[in-house]
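An overview of the molecular structure
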Amino acid sequence: MSCMKKYFFIIIILFLSLFSAGCENTDFSVVTDAGIDAIKAVTLSDENVKKIALKASRQSDIKHKIAPLSNLYGKRLYNLIGTKYSSNGYDFNFKVYLSPVVNAFAMADGTIRIYSGLMDMLNDEELLFVLGHEMGHVVEKHIKKKIRLAYAGRAIRKGIASQENIAGDIARSSFGGLIELLINAQFSQQEEREADDFGIAYLQEKGLNLQSAVSALKKIATLGNKHSFLSSHPAPEVRAKRLQNQIDNPEKPGDPSLVEQIISRLKEWKNILN
């Protein structure tokens with residue numbers, strides 16, 4: 001049984017337990033909405049994921065001040081990667097949020113946003129690694145997983161909210177927040193490794209110094225464990241050590257590493273687009 005199907009059955013069990021607790025206190029319209037969210041969590045297509053991400057991206061852009069190309073930050077990003085970049089079947093678009101916050105995030109539609117506070121910390125090649133890392137989260141479908149989990153979580157909250165009690169009131173007050181969830185999405189160690197590998201492969205494909213990936217992570221590590229960026233992109237010291245070991249001890253020829261596989265994929269798409 002797949003992971004998402006397990007979530008679906010857990011939600012169904014939750015509904016049954018809610019009903020057994022007393023149907024007279026249940027808001028059935030909310031339960032119906034919760035059931036719809038549960039189904040969405042299991043059946044959400046790539047196309048629907050992109051539509052959700054696009055809507056979330058637009059709403060996020062409205063809330064932030066975006067650096068124009070005439071701005072130093074906007075100009076720097078444009079000179080590095082432009083405003084659009086196509087890879088692995090995704091059309092990525094890039095913008096800078098003018099904010100001292102140290103952060104960056106990706107949406108499943110290919111939206112990449114970086115805060116000027118993070119740009120201040122990094123040199124150009126380090127910044128390109130971070131952009132590649134964020135693209136990796138999209139290509140490896142990590143963001144799609146977060147959206148599915150968000151729907152599953154919302155279904156559970158609505159199931160609780162269908163009960164006319166204190167727990168329901170608390171759950172109802174937590175509706176929404178999908179944008180914040182995606183911007184601050186927490187990734188697993190495996191997801192971070194995959195995104196890091198994509199980022200370092202992007203540097204290699206550009207013919208840039210791979211040490212920039214290591215130095216970028218070491219700089220990010222200085223933020224401290226309580227920083228919000230490290231809650232969504234954890235363990236930069238461990239990640240830096242792994243990448244350093246990967247750089248110092250490349251895989252044997254004929255046994256392609258994940259990095260080499262990603263580079264090959266990037267080159268294939270580059271040839272198609274050209």
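Residues numbered from 1 in each chain as written. Predicted model: local features only at pLDDT ≥ 70, side-chain atom pairs only at ≥ 80, totals over all residues. Heavy atoms only, no water.

Under an unreviewed UniProt entry, the name given to the protein chain is Putative metalloprotease, and the source organism is Desulfobacula phenolica.

1. Describing empty space enclosed by the protein
Our working definition: Within this scheme a cavity is a closed region of a 1 Å grid, computed over the protein atoms alone, that accommodates a 1.4 Å probe without allowing it to escape, whereas a pocket is open but has protein on both sides within 12 Å along at least five of seven lines; lining residues each have an atom within 4 Å of a point. Grid points are joined across faces, edges and corners, and a volume is the space filled by probe spheres set on the points. Strands are runs of DSSP state E lasting at least 2 residues, helices are runs of H or I lasting at least 4, and numbering of each runs from the N terminus. Ten residue types, Ala, Val, Leu, Ile, Met, Phe, Trp, Tyr, Cys and Pro, are classed as nonpolar, four, Asp, Glu, Lys and Arg, as charged, and the remainder, Gly among them, as polar.
Applying the stated criterion across every chain yields a total of three cavities of 30 Å³ or more. Taken as a whole, the largest cavity encloses approximately 70 Å³ of empty space. Taken together, Asp 46, Val 49, Lys 50, Tyr 90, Ala 108, Val 138, Lys 141, Ile 143 and Lys 144 make up the full set of residues lining the largest cavity. Elements with a minimum of two residues in the lining of the largest cavity: helix H3 (46-63) and helix H7 (142-161). Here the element with the most residues in the lining of the largest cavity is H3; it accounts for three residues. Its residues assigned to classes, the lining of the largest cavity shows five nonpolar, no polar and four charged.

2. Comments concerning the pairing of strand E1 (residues 84-87)
On a regular strand, each side chain points to the face opposite its neighbour's, so the side chains alternate between the two faces of the sheet. Operational definition: Summary of the burial criterion: residues with accessible area below 20% of their type's maximum are buried, those above 50% are exposed, and those between are partly exposed, where the area comes from a 1.4 Å probe applied to protein chains only. Two strands are said to pair when DSSP picks up at least two bridges between them.
Judged by which residues are buried, E1 turns out to be one-sided: Tyr 85 and Ser 87 face inward and are buried, whereas Lys 84 and Ser 86, on the alternate face, are not. Where E1 meets strand E2 (residues 90-97), four bridges bridge the pair, whose relative direction is antiparallel. Paired with Ser 86 across the strands is Asp 91, a residue of E2. Counted between consecutive antiparallel strands, the loop separating E1 from E2 contains two residues, among which Asn 88 sits at a positive phi close to 55°.

3. With respect to the packing of aromatic side chains
Selection criterion: Centres within 6.5 Å make a pair out of two Phe, Tyr or Trp rings, where for Trp the six-membered ring is used; the pair is then stacked when the planes are under 30 degrees apart, edge-to-face when over 60, and tilted otherwise.
Scanning the entire structure with this criterion turns up five aromatic pairs. Arranged with centres 5.7 Å apart and planes meeting at 80°, the rings of Tyr 85 and Tyr 202 form a pair that is edge-to-face. Pair noted here: Tyr 85 is in strand E1 and Tyr 202 is in helix H10 (residues 189-205), with a separation of 117 residues, a long-range link. For the pair shown, Tyr 85 and Tyr 202 are each scored as buried. Judged by centre distance (6.0 Å) and plane angle (35°), the rings of Tyr 90 and Phe 92 are tilted. On the basis of relative accessible area, Phe 92 is assigned to the buried category, the value being 1%. In textbook terms, an aromatic cluster arises when at least three aromatic residues are bridged by ring pairs, as seen for Tyr 97, Phe 105 and Tyr 115.

4. Focus: the environment of Asp 197
Note that Asp 197 resides in helix H10. Placed 65 residues apart in sequence, Asp 197 and Gly 132 show a C-alpha to C-alpha distance of 8.9 Å.

5. Re the confidence of the model for the protein chain
Heads up, the rule is: The quantity called pLDDT is the predictor's confidence in a given residue, expressed from 0 to 100. In this description, contact between two residues means that some pair of their heavy atoms is separated by no more than 4.5 Å.
Taken residue by residue, the protein chain gives an average pLDDT of 74. The fraction at 70 or more is 61%. Low pLDDT (under 50) marks residues 155-176, which in the prediction has 42 contacts with non-local residues, meaning those over four places away or in another chain. Taken as a whole, residues 252-256 scores under 50 in pLDDT and shows two contacts with residues more than four places along the chain or in a different chain.

6. Focus: the environment of Glu 192
Here Glu 192 is to be found in helix H10. Given a relative accessible area of 2%, Glu 192 falls into the buried group. In sequence terms Glu 192 and Pro 236 are 44 residues apart; their C-alpha atoms lie 9.5 Å from each other.

7. Structural notes on the sheet that holds strand E4 (residues 111-115)
Filter applied, for reference: Lines fitted to the C-alpha atoms define the axes, with helices restricted to the stretch that makes contact. Angles between their N-to-C directions range from 0 to 180 degrees.
With respect to topology, four strands assemble into an open sheet ordered E1-E2-E4-E3, the strand pairing being mixed. One side of each edge strand has no neighbouring strand; the edge strands of this open sheet are E1 and strand E3 (104-106). For this sheet, the mean inter-axis angle between neighbouring strands, taken without regard to orientation, is 20°. Those strands touched by helix H6 (residues 124-139) are E1, E2, E3 and E4, and its axis lies near 135° from that of E2.

8. A short note on helix H4 (residues 72-81)
One turn of an α-helix holds 3.6 residues; hence residues three or four places apart share an orientation. Worth spelling out the cut-off: The arc in question is traced by the directions running from the helix axis to the C-beta atoms.
Within the sequence span of H4, burial applies to Gly 74, Leu 77 and Ile 81. One side of H4 carries all its buried residues, which in axial view fall inside an arc of 70°. Turned more than 90 degrees away from the buried face of H4 sit Leu 72 and Asn 79, all of them exposed. Contacts made by the buried residues of H4 are with E1, E2, E4, helix H5 (116-121), H6 and H10. Looking one or two places after H4, you find Gly 82, whose phi comes out positive at around 80°.

9. What to know about the side chain of Asp 61
Definition in use: N or O atoms within 3.5 Å of each other form a polar contact, as long as, within protein, one can give a hydrogen and the other can take it, and as long as residues adjacent in sequence are counted only when both atoms are side-chain atoms.
Topologically, Asp 61 is positioned in helix H3. Separated by 2.5 Å, the side chains of Asp 61 and Tyr 97 make a polar contact. Beyond its immediate sequence surroundings of up to four residues, Asp 61 is in contact with Ile 66, Lys 95, Tyr 97 and Arg 113.

10. With respect to the nonpolar core
The condition that has to hold: We call a set of buried Ala, Val, Leu, Ile, Met, Phe, Trp, Tyr and Cys residues a nonpolar core when their side-chain atoms join them within 4.5 Å.
Counting 51 residues, the largest nonpolar core has Phe 92, Phe 94 and Met 135 as its most contacted members. If you tally residues by element for this core, the top one is H6, at eight residues. Residues contacting Phe 92, with those up to four places away along its chain left out, are Thr 83, Lys 84, Tyr 85, Ser 87, Gly 110, Ile 112, Met 135, Val 138 and Val 139.

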